[in-house]
Amino acid sequence: QVQLVESGGDLVQPGGSLRLSCAVSGIAFRIYTMGWYRQPPGRQRELVALVTADGVRNYEDSVKGRFTISRDNSRKELYLQMNSLKPEDTAVYYCKADGSRKGLSSYWGQGTQVTVSS
């Protein structure tokens, strides 16, 4: 079966760093656009960052320069390095495998909680 499993969420202080991981199985990982999304308390889910199958990266404006998305096609893992964290980064972070650009289905992970608080 298809599985996307996020890990690495934690409670961190403002200015701190965290690395999220997403382990993927059951799909041809290397051909999917992979993304990180987040849902802050009481708000809609929003795109944080994308990396295409060709390695092209895209970031939401509020995280550009602070977050880095990357992928390891050999390990079938997606990462989000989060630096200079702010309280407004607090959210449940979700991993997504997006097959729409290749006419394929898309899949979501279960989410991991990131809390930024002093």
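Going by the structure above, here's the rest.
Read on for an overview of the structure. (Residues numbered from 1 in each chain as written. Predicted model: local features only at pLDDT ≥ 70, side-chain atom pairs only at ≥ 80, totals over all residues. Heavy atoms only, no water.)

**Observations regarding the environment of arginine 30**
Within the secondary structure, arginine 30 sits in the loop between strand S3 (18–25) and strand S4 (33–39). Considering only alpha carbons, one finds arginine 30 and arginine 71, 41 residues apart in sequence, at a separation of 9.0 Å. Ignoring sequence-local partners within four residues, the contact set of arginine 30 consists of Ala53, Arg71 and Asn73. (Helix = DSSP H or I, 4+ residues; strand = E, 2+ residues; numbered from the N terminus. Contact = heavy atoms within 4.5 Å.)

**So, the side chain of threonine 52**
Following the sequence through the fold, threonine 52 ends up in the loop between strand S5 (46–51) and strand S6 (57–59). Ignoring sequence-local partners within four residues, the contact set of threonine 52 consists of Tyr32, Thr33, Arg71 and Arg101.

**Comments concerning the packing of aromatic side chains**
As enumerated under the stated definition, the model contains two aromatic pairs in all. An angle of 65 degrees between the planes, with centres 4.9 Å apart, marks the rings of tyrosine 37 and tryptophan 108 as edge-to-face. Within this pair, whereas tyrosine 37 is found in strand S4, its partner tryptophan 108 is found in strand S10 (residues 107–108), the two being separated by 71 residues in sequence. Centre to centre, the rings of tyrosine 94 and tryptophan 108 are 6.4 Å apart; their planes meet at 85 degrees, and the pair counts as edge-to-face. Linking tyrosine 94 in strand S9 (residues 91–98) with tryptophan 108 in strand S10, this pair joins segments that are 14 residues apart in sequence. (Phe/Tyr/Trp six-rings, centres within 6.5 Å; stacked < 30°, edge-to-face > 60°.)

**Points about the pairing of S5**
In this structure, S4 lies alongside S5, joined through five bridges in antiparallel fashion. If you follow arginine 38 over to S5, its bridge partner there is glutamate 46. Where S4 folds back on S5, the antiparallel hairpin that results is connected by six residues, among which glycine 42 adopts a positive phi of roughly 70 degrees. When S5 meets S6, the two strands line up antiparallel, connected through three bridges. By the bridge assignment for S6, leucine 50 is matched with asparagine 58. (Pairing = 2+ DSSP bridges.)

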